[in-house]
Amino acid sequence: MFCYQCEQTDRTGTVPGCAGAIGNCGKDAATSDLQDLLIHAAKGVAQYAAEARTLGAPDDEAARFLLFAVFTTLTNVNFNPSRFGTLIQQAVAHRDRARAAYERAARAAGEEPRALAGPAAWQPADDPDELARQAAEVRVDTGLALVGPDVVGLRSLHLYALKGICAYAHHAHVLGKESAEVFAGVENALAHLAGEPTDAADLLERAVGLGRLNLTVMELLDAANTGAYGAQQPTAVRTTPVEGKAILVSGHDLNDLEQLLEQTTGQGINVYTHGEMLPAHAYPLLKAYPHLVGNYGGAWQDQQREFAAFPGPILMTSNCIVEPHVSYRRRIFTTGPVGWPGVRHLAQRDFTPVLQAARALPGFTAEAAAEPEQLLTVGFGADAVLAVADRVTAAVRSGAIRHFFLVGGCDGPTPGRDYYTDFAVGAPADSVVLTLGCAKYRFNGHRFGDIDGIPRLLDLGQCNDTHSAIRIAAALAEAFECEVNDLPLTLVLSWTEQKAVAVLLALLALGLRTIHLGPSLPGFLTPNLVDALVQRFDLRVIGDPAADLAAALEPAAK
């Protein structure tokens, strides 16, 4: 195997990347190989699907499959090799159907159909050893000796951004929002990668184009979330237990949570969110369920300890699973793209086994629920913040608010992430900290206070709620008749996986500069690529939090 798609990647060798029997995320070599082959097969689907769509014969079923299949290959999503074997076979079937649609459409247009090469012509081997050999020929560093590390790094940047884009687009699809523009964008980008492009300048420009595509996807997902559940509202969320039977829901998928809440209505079972599900409490139609009682635990990397202590079953949705400890392996369930060998997967959103487990397990005792109530406030999405925009702009004009810091993104287990705690907590009392993603758990328990009634910590939601941050920044820029880059605003982002790559490209596509990224740069970005991003976007690596704070505030002090 060879994988360097996430921040957990092994950096002890000459070249960053996990290349042993098992990666730092827990993914074994066999699963990694199958993921590489699934991506290769997905490129083949996209080659024919893109051609068919151009000729007016789109295959939206194949496009939806691409979103889901690519999503399963993200870091900490699916570790089950048998699931990938099935998905590869499904990819071949989708490709063959897309090829037939293309051929019919070409003939109808008076053209002679072309037989496409590369992934479009690939057939998976039946023999496992031969399949492993095929995987070695299509992994992300294939062609390194021929085209060099910069081109391979740019191809990887494209692929990993597409993984994030597909994940967000799948979330939107689940809630009934999809777009032909997004389907075409994903198909075209995968088809372009299938051609093994070598033009570094063109690849860099296309990467910015993927950022623009992700802006469309995040807007689509925001419309899906608010359309299904209402605009976020500031909400105090209990983080201490309530007596009674309990189910814990982690991951990102709001629809899975809704289905579980519906199935547990009137059953005497309390539901708790975990990790990136915390913002669910801010959506009116979700928080209307009285048995959605609170949030338990923090970010994904602490789940082994937190899940072991939880007195009920756990439902893992969409992503961020790590190897289940033996102490809870028999009471954790997966759904959607998620998978782990030996863990029961509920494919049809029938959560009856989860309810049965909740009834059989003790839940929280009266003693556990007797601890003093603690709360976190969430729900400061764009609609909530823009509703008080006049107060915010007045506070800026009066000098009460000197600066805004967006401190968010992915949390993770690697060293250096205390930086985000020190940075946010160290922000001066006349500044506002906006946050999103699970990075918030590094500091959202701190009491930041308020400025003239405006909370100093504004939790915008999940990582995909970058769209809210963009809307807020655009509104402030309009109010002050300036560009976003001229605002007293500093972006400090942490990353772990491929959704963060897609978000970063979206911000760069908007022309935003001086983004601080950490705790380390992606392993697939070579020094030359880093230099190119620094020169074009003034991208920076986080350093000392006090020094970075001082540098961010320096222009405001002039």
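These numbers come from a predicted model, not from an experiment.

S.K.: I'd like to hear about the sheet that holds strand β15 (residues 516-518), residue by residue, with values.
M.R.: If you walk across this open sheet you meet the six strands as β13-β10-β9-β14-β15-β16, and the pairing is parallel. At either margin of the open sheet sits one strand with a lone partner, and together these are β13 (457-461) and β16 (540-541). Pairing between strand β14 (residues 489-494) and β15: three bridges, direction parallel. Its bridge partner being in β15, Ser494 is matched across the sheet by Gly518.

S.K.: An account of the sheet that holds strand β5 (residues 314-317) is requested, with residue identities and associated values reported.
M.R.: Where strands meet in a sheet, backbone hydrogen bonds hold them as pairs that are either parallel or antiparallel. Here we have six strands laid out as an open sheet, ordered β4-β3-β2-β5-β6-β7, and parallel in their pairing. Two strands lie at the open edges of the sheet, namely β4 (292-295) and β7 (344-345), each paired on one side alone. With four bridges joining them, β5 and strand β6 (residues 332-335) adopt parallel strand pairing. Counterpart to Thr317 in the pairing with β6 is Thr335. Where helix α9 (residues 254-264) meets the sheet, it contacts β2 (245-250), β3 (269-273), β4, β5 and β6, and its direction lies at approximately 165° from that of β3.

S.K.: Go over the side chain of Thr235, please, and point to the residues and values.
M.R.: Residue placement: Thr235 occurs in strand β1 (residues 235-238). Of the polar contacts made by the side chain of Thr235, one reaches the side chain of Lys287; its length is 2.9 Å. Setting aside anything within four residues of it in sequence, one finds Thr235 in contact with His281, Ala282, Lys287, Leu376, Thr377 and Val378.

S.K.: Describe the side chain of Arg155, naming the residues involved and giving the relevant values.
M.R.: Within the fold, Arg155 resides in helix α6 (residues 149-174). One buried charge, Arg155, has no salt-bridge partner; the nearest side chain with opposite charge is Glu196, at 5.0 Å. There is a polar contact of 2.9 Å between the side chain of Arg155 and the backbone oxygen of Pro197. Among residues more than four places away in sequence, those in contact with Arg155 are Thr142, Val147, Leu193, Glu196, Pro197, Thr198 and Leu203.

Reading the values: rules and limits
Residues numbered from 1 in each chain as written. Predicted model: local features only at pLDDT ≥ 70, side-chain atom pairs only at ≥ 80, totals over all residues. Heavy atoms only, no water. Pairing = 2+ DSSP bridges. Helix = DSSP H or I, 4+ residues; strand = E, 2+ residues; numbered from the N terminus. Contact = heavy atoms within 4.5 Å. Axes fitted to C-alpha atoms, helices over the stretch in contact; angles between N-to-C directions. Polar contact = N/O pair within 3.5 Å; in protein donor to acceptor, adjacent residues only side chain to side chain. Buried < 20%, exposed > 50% of the residue type's maximum accessible area, 1.4 Å probe, protein only. Lys, Arg positive; Asp, Glu negative; His and termini not counted. Salt bridge = Lys/Arg side-chain N within 4 Å of Asp/Glu carboxyl O.

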